[in-house]
Amino acid sequence: MLQAALLAAIVVIGGVVRFWGLGFGLPHTQARPDETFLIDLARSFLRGDFFPTFYDYPWLYGWLLTGLYLGYYVWGRLFGFFHSIPDLLASWPVHWEPWFLIDRALSASAGTASILVVFWIGRRIWNVSTGLVAAFLLSVAFLHVRDSHFGTTDITMTMLVTVSAGLIVDAHLTRRPGRFALAGLVGGLAAATKYNALMLAAPIIASQVLAVIELPRQRLRTPLDARLVLFGAAFAAAFAIGVPFVFLDRERFLSAMEVLGGSMATGSPGLGLGNGWLHHLQFSLRYGLGLPFLIAGLAGAAAILIVEPAIGALLLSFPLAYYAAAGSIRNLFFRYAIPVVPFLCLTAAWLICRAARYIASSATSATSAFSRPRYAVVAAVLAVLIAAPSAISIWQFNRIISETDNRVMVARWFTEHVPPGHSVLQSGSSFGYVQLDGRMQYKFWVWDRSRRVFTYGGVPPVGPPDWILVQDSPIPGAIQDVVKDYLRQDYVLAQQFTALSLPDETRLYDRQDAFFVPFAGFHRVQRPGPNFLLYKRADVPAS
């Protein structure tokens, strides 16, 4: 009963920190780039277009999202908001917040469910205590919590990968063929969510190799056993759900994969990110978990491979193979380290429980029985101390994203102070652009990269713009030379919008990912978004 209450409390904590601030950025639709790609995919399905040419991700997440949007439609129809699917689709340009909240809630729910998954694996392989500690660590693992807020595929894929890996371990230990098929089914669903999950080939191969080693008298028969066939067939069937285009639109799929492969191979050379394996250790995991957490996870992994090599090979083959692949490419987004986080939670929990048992035993006299209450207290204290830096990052991150995005602040100011029809030029990262109210009919100058000029209506405008909005942020985004030339002319600073104090050498951003909230160094950050300087042409009447 106590164990169930503890697990429930851990899940509640994990759910609260993942759903807290879920509406960040809205109504700005580019607060987290990539969300709109997946929402657009689901909207295509709702329109009856079942073959949109978007192949960067498999489609399972899009199918799930479509189902949730249909549930939203049913709810809206019951209360008179929608009378048809076209009504639902028509709500996108004018009332798009629910589209994002539903998407993000799917990811947050998958992130919360992952806590139960690592508990199950920890209990299955070792004991309830290890499962509870692993669940607690994942509940407050900052990188996992942060990305559980985002309506993207990473957290859902990671949850399914973790389930599949746990089922492979269970199937190997019990030698139940049906478990291998179930592991393949879940693994295929993971790969149908994001291609990264194809690395689940590593643990099933590890299981096959271990079976040959562990059953020397059956070495001639073991390579022919059914585990690979059962896993592979179920995996392929489930994977096909997310990639029908492989069979129906092979040429465009291969072309899309070629482009994606080129992106992975080149990354962002101008950022000088260096070695991928070191990058994820130094930044993605170092700040995504906190240094004590990361050290405990790595030390636990090494110890398990020594003390329990078979379990270590089964459990850690996926994260090791995945990390080797993730570090070899040039796209080094922090989120690419997420799939190893649940496994580090398990290995850190194993180490914590081993250390707690040793400490509790050492504190017990030779004539006294082993004290389980003392062991539980020591394990809890160690887990809290190790997870503390990560928990502090969660608190600071959620505090920031709960504030109004600076881009929304600018958009509101424009609506209140700038008359309709004025011309507006925005400079800096396109992901940092402010989405101004379309009803105000502002004339937006658009940067044409090929011609290196600003255009309006497809042609270069005559004269300078009425307003120039300049970003000031650690996220890369250069100011064009022509903008600097304009500002040397007759412009005055009309308004300043501050989101954070600059500069700060301790502040860390994922410089490849255009997300305007720091990953570390949260102090003196008031709200999401870049800082803005708004300049007005001197002859434009003051509002």
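Presented here is an overview of the structure given in this document. (Residues numbered from 1 in each chain as written. Predicted model: local features only at pLDDT ≥ 70, side-chain atom pairs only at ≥ 80, totals over all residues. Heavy atoms only, no water.)

1. Some remarks on the overall build of the protein
- What the protein contains, in helices and strands, is 20 helices and six strands.
- Relative to a compact globule of 543 residues, whose C-alpha radius of gyration would be 24 Å, the protein shows 26 Å and is just as compact.
- With the principal axes as the frame, the protein shows a C-alpha extent of 90 × 60 × 50 Å.
- Looking at the protein as a whole, 53% of its 543 residues are labelled buried.
- Sequence separation of 24 or more characterises 76% of the internal contacts of the protein that already satisfy a separation of 6 or more.
- Counting only carbon and sulfur atoms, one obtains 64% of the accessible surface of the protein, whose full area is about 23,700 Å².
- A gap of 10 Å separates the mean positions of the 42 positive and 32 negative side-chain charges of the protein. (Helix = DSSP H or I, 4+ residues; strand = E, 2+ residues; numbered from the N terminus. Rg over C-alpha atoms; globule rule 2.2 N^0.38 Å. Buried < 20%, exposed > 50% of the residue type's maximum accessible area, 1.4 Å probe, protein only. Contact = heavy atoms within 4.5 Å. Areas by Shrake-Rupley, 256 points an atom, 1.4 Å probe, with all protein chains shown as cover. Lys, Arg positive; Asp, Glu negative; His and termini not counted. Charge placed at Lys NZ, Arg CZ, Asp CG, Glu CD.)

2. A few points about the packing of helix H5 (residues 97–125) against helix H6 (residues 128–139)
- For the pair H5 and H6, interaxial distance at closest approach is 7 Å and the crossing angle is 155°. The orientation of H5 relative to H6 falls into the category roughly antiparallel. The chirality of how H5 crosses H6 is right-handed. Taking contact as the criterion, the partners of Ser114, Ile115, Val118, Phe119, Gly122 and Arg123 in H5 are, on H6, Val128, Thr130, Gly131, Leu132, Ala134, Ala135, Leu138 and Ser139.
- Taken together, the residues of the contact of H5 with H6 break down into eight nonpolar, five polar and one charged. (Axes fitted to C-alpha atoms, helices over the stretch in contact; angles between N-to-C directions. Parallel < 35°, antiparallel > 145°, perpendicular 65-115°, else oblique. Left-handed = near helix turned anticlockwise from the far one by under 90°. Nonpolar A, V, L, I, M, F, W, Y, C, P; charged D, E, K, R; others polar.)

3. Topic: the nonpolar core
- In this structure, Leu137 and Leu285 are the most contacted members of the largest nonpolar core, which totals 137 residues.
- Tallying contributions element by element places helix H17 (residues 341–362) first for this core, with 12 residues.
- The next biggest cluster of nonpolar side chains, apart from the first, holds 16 residues, and it includes Val410, Val418, Met440 and Tyr442. (Core = buried A, V, L, I, M, F, W, Y, C linked by side-chain atoms within 4.5 Å.)

4. Digging into the packing of aromatic side chains
- If you walk through the whole model with that rule in mind, you get 43 aromatic pairs.
- Plain terms: the ring middles of Phe24 and Phe150 are 5.7 Å apart, the flat faces sit at 65° to each other, and that makes the pair edge-to-face. A residue pair is termed long-range when its members are at least 10 positions apart, and Phe24 in the loop between helix H1 (2–19) and helix H2 (35–46) and Phe150 in the loop between helix H7 (142–148) and helix H8 (154–174) qualify at 126 residues. The two residues Phe24 and Phe150 agree in class, both being buried.
- Three or more aromatic residues joined by ring pairs make a cluster, and in this case those are Phe24, Phe142, Phe150, Phe334, Phe397, Phe515, Phe519 and Phe522.
- Its end group placed over the ring of Phe150, Arg32 keeps NZ or CZ at 4.9 Å from the ring centre.
- We note Arg335 situated over the ring of Phe333; from NZ or CZ to the ring centre the distance is 4.3 Å. (Phe/Tyr/Trp six-rings, centres within 6.5 Å; stacked < 30°, edge-to-face > 60°. Lys NZ or Arg CZ within 6 Å of the ring centre and 35° of its normal.)

5. Some remarks on the state of the cysteines
- Overall, the coordinates contain zero disulfides when judged by the stated rule.
- No disulfide involves Cys345; its sulfur sits 13 Å from the nearest other cysteine sulfur, which is in Cys353. (Disulfide = S-S within 2.5 Å.)

6. Details of the pairing of strand S2 (residues 443–448)
- Where strand S1 (residues 423–427) and S2 come together, three bridges link them in parallel fashion. By the bridge assignment for S2, Leu425 is matched with Trp445.
- Two elements, S2 and strand S3 (residues 453–455), share three bridges in a ladder whose sense is antiparallel. In the sheet register, Trp447 faces S3, and the bridge partner there is Phe454.
- Between S2 and S3, which pair antiparallel in sequence order, lie four residues; one of them, Arg452, sits at a positive phi of approximately 55°. (Pairing = 2+ DSSP bridges.)

7. Things to note about the pattern of salt bridges
- As enumerated under the stated definition, the model contains 18 salt bridges in all.
- Each member of the salt-bridge network shares a partner with another, and the members are Arg32, Asp34, Arg335 and Asp513. (Salt bridge = Lys/Arg side-chain N within 4 Å of Asp/Glu carboxyl O.)

8. Details of the sheet that holds S1
- Sheet architecture is open: six strands sit in the order S3-S2-S1-S4-S6-S5, paired in mixed fashion. Either end of the sheet is taken by a strand with one partner, and the two such strands are S3 and strand S5 (491–497). Averaged over all pairs of adjacent strands, the angle between strand axes in this sheet comes to 30°, irrespective of strand direction.
- With six bridges joining them, strand S4 (residues 467–472) and strand S6 (residues 531–537) adopt antiparallel strand pairing. Opposite Leu469, over in S6, you have Leu534 as the bridge partner.
- Sitting on the sheet, helix H19 (residues 406–417) is in contact with S1, S4, S5 and S6, with an inclination near 25° to S6.

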